[in-house]
Amino acid sequence: MKYKLKEIVDITMGQSPKSTYYNKVGSGYPFLQGNRTFGYKYPIFDTYTTVMTKHAKAGDVIMSVRAPVGDLNITPVDICLGRGVCSLRMKNGNQDFLFYMMKYYVSHLLRKESGTVFGSVNKNDISGLEVDIPDDPQVQKKIARYLEMIDEKIEINNAINNNLEQQAQAYFNELFVVNADPNWSECTLSDIGSVVAGGTPSKSKPEYYADQGIAWITPKDLSVNKSKFISHGENDISELGFSKSSVAKLPAGTILFSSRAPIGYIAIAQNEVTTNQGFKSVIPNENISTAYMYFLLKNLLPTIEGMASGSTFKEISGAAMKSVPTVMPDADTIQLFSSFCEPVFKEQEILEAENQRLSALRDSLLPKLMSGELDVSNIEL
C-alpha cells in the first residue's frame, strides 16, 4: 500500500548542542552528526555530549541528511542527534524492515536533494517521500529477516577478517617494532620499493574511458570500498586514455596509498591497475613482500602525514614519499613474516570476495522484495 513517509514513520531532525558541551572521553550521551563515519550496521561513536538536544531511542533508524544524504544505521543505544542526521521510527511496524525499506527508497529521496556547496534534504522532503510497502507486519518482518541473514553472514566474515588482520599486525609489531634488530641499516622507502604516482586522462574525452577497460582507482573508490584487496574502481579507462595520459600500470601486489584528501587509504591491487594522481603507490622490490610493505606503510602513516604539506589540504609529494625513512630488515625475517601472512591474506581475499557476492545478492533482492515480486508470505524463517 502507498503512503507518505510521515504517515507511518516518526521523524526527528538532529540539532547539535554547543561545542562547549562536547566530551571525547566517553562520558555523557553518545553524539552523532552528519560528518561522522556511520559504519554499518551500527554507528561508531567517538564524541559524547553532556546535554541532550534532539535525541534518538535505541532501535531507531538513523539517516544522514546532508553530505552525503542517505547513510543509514540502527542505533543500539539512546543518542544525541546532531545536525545533518535524523532518526526514524515506525509508528506501527518493524524497525529492521524500516532500515531495509529506507535503503531501497534512498535513491528516491536523493531526487529531492538540493544545495550548492553540498547536497541535503529537509524534513519536508523526508516526510513527503512516497513509499509502497506491504501492510502485513509479518510480511515486513520476514522481508527484514531474509535480508538480515545475508548481512549477518557479511558481518561474520568481517569479524573473521578483522581478527586475522589483528594477528598479522601483532606479528609485524613483534618482529619489526618490538624486537627490531638494531643492526638493520637505515634506508628510505625508495630503497625497498618503487614509488609510483598516478594520473587522470582528460575528462573531456569520453573515448578515454570504458565500461570494461583498464582498472583505474581513485581515493573515492577506497572510501566506498573498505576492502583490503581491490580489482576495479567505479570507472575504467580505455587503452587510448592510458596512452594519452601520465597513468602508469601497476602490477598485482602493489600497495595503493592515497596521498591526499585524505592521506592514508591503503589497499592491495588484486590485478594490474592504474590510479589517479591522488596516489603514491609502492611496488615492493623483489626481496620485499607485499605483506611486509602493506604493514610497513600502515606503521609509517604518522611519519608520512608529518611530512605532508599544503594549505587547502595536506598532500605527500612523490619526492617526500620516496624519502620517508625506514630500515632494511634481513631477508630471513621478511620471509618469516611473509610465510605467516600468505594464508592469512588468501583467507581474507576469499572472504572479501564472498562478501561482495552477498552484497550484490542482497541489493538485487531488495527491490524484488519491496515490490512484492518475490512473495515471502509462505516462507518459514
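Refer to the structure presented above.
Residues numbered from 1 in each chain as written. Predicted model: local features only at pLDDT ≥ 70, side-chain atom pairs only at ≥ 80, totals over all residues. Heavy atoms only, no water.

This brings us to helix H2 (residues 95–109). The principal kink in H2, of about 35°, is found at lysine 103. One side-chain oxygen at the N-terminal end of H2 lies 2.9 Å from the backbone nitrogen of aspartate 96; it belongs to asparagine 94. (Bend = angle between axes of the 7 residues up to and from the residue. Helix = DSSP H or I, 4+ residues; strand = E, 2+ residues; numbered from the N terminus. Polar contact = N/O pair within 3.5 Å; in protein donor to acceptor, adjacent residues only side chain to side chain.)

A few words now on the side chain of serine 227. Along the chain, serine 227 turns up in the loop between helix H6 (219–224) and strand E16 (229–230). The exposure class of serine 227 is buried, given its relative accessible area of 16%. Of the polar contacts made by the side chain of serine 227, one reaches the side chain of asparagine 225; its length is 2.8 Å. When near neighbours in sequence (up to four residues on either side) are disregarded, serine 227 contacts Ala267, Glu352 and Gln356. (Buried < 20%, exposed > 50% of the residue type's maximum accessible area, 1.4 Å probe, protein only. Contact = heavy atoms within 4.5 Å.)

Okay, the pairing of strand E10 (residues 85–90) next. Side-chain direction in a regular strand flips from residue to residue, so the side chains alternate between the two faces of the sheet. Across the six residues of E10, five count as buried, placing the element largely inside the fold. When strand E7 (residues 61–65) meets E10, the two strands line up antiparallel, connected through four bridges. Residue methionine 63 lies in a different strand from E10, and its bridge partner there is cysteine 86. (Pairing = 2+ DSSP bridges.)

Let's shift gears to the layout of surface pockets. The calculated volume of the second largest pocket comes to roughly 160 Å³. Lining the second largest pocket are Tyr3, Glu7, Ile8, Met90, Lys91, Asn92, Gly93, Ile133, Pro134, Asp135, Pro137 and Gln140. The set of elements that each furnish at least two residues to the lining of the second largest pocket consists of helix H1 (5–8) and helix H4 (137–178). Classifying every residue of the lining of the second largest pocket by side-chain character gives six nonpolar, three polar and three charged. (1 Å grid on protein atoms, 1.4 Å probe; cavity = no way out; pocket = protein on both sides within 12 Å on 5 of 7 lines; lining within 4 Å. Points joined across faces, edges and corners; volume = space filled by probe spheres on them. Nonpolar A, V, L, I, M, F, W, Y, C, P; charged D, E, K, R; others polar.)

Read from one edge of the open sheet, four strands run E14-E17-E15-E20, paired in mixed fashion. Each edge of the open sheet is held by one strand with a lone partner, namely strand E14 (209–210) and strand E20 (274–275). Bridge count between strand E15 (residues 214–217) and strand E17 (residues 235–237): three bridges; the pairing is antiparallel. Across the sheet, the residue bridging to isoleucine 214 is isoleucine 237, located in E17.

Function cannot be inferred from these measures alone, as they are strictly geometric.
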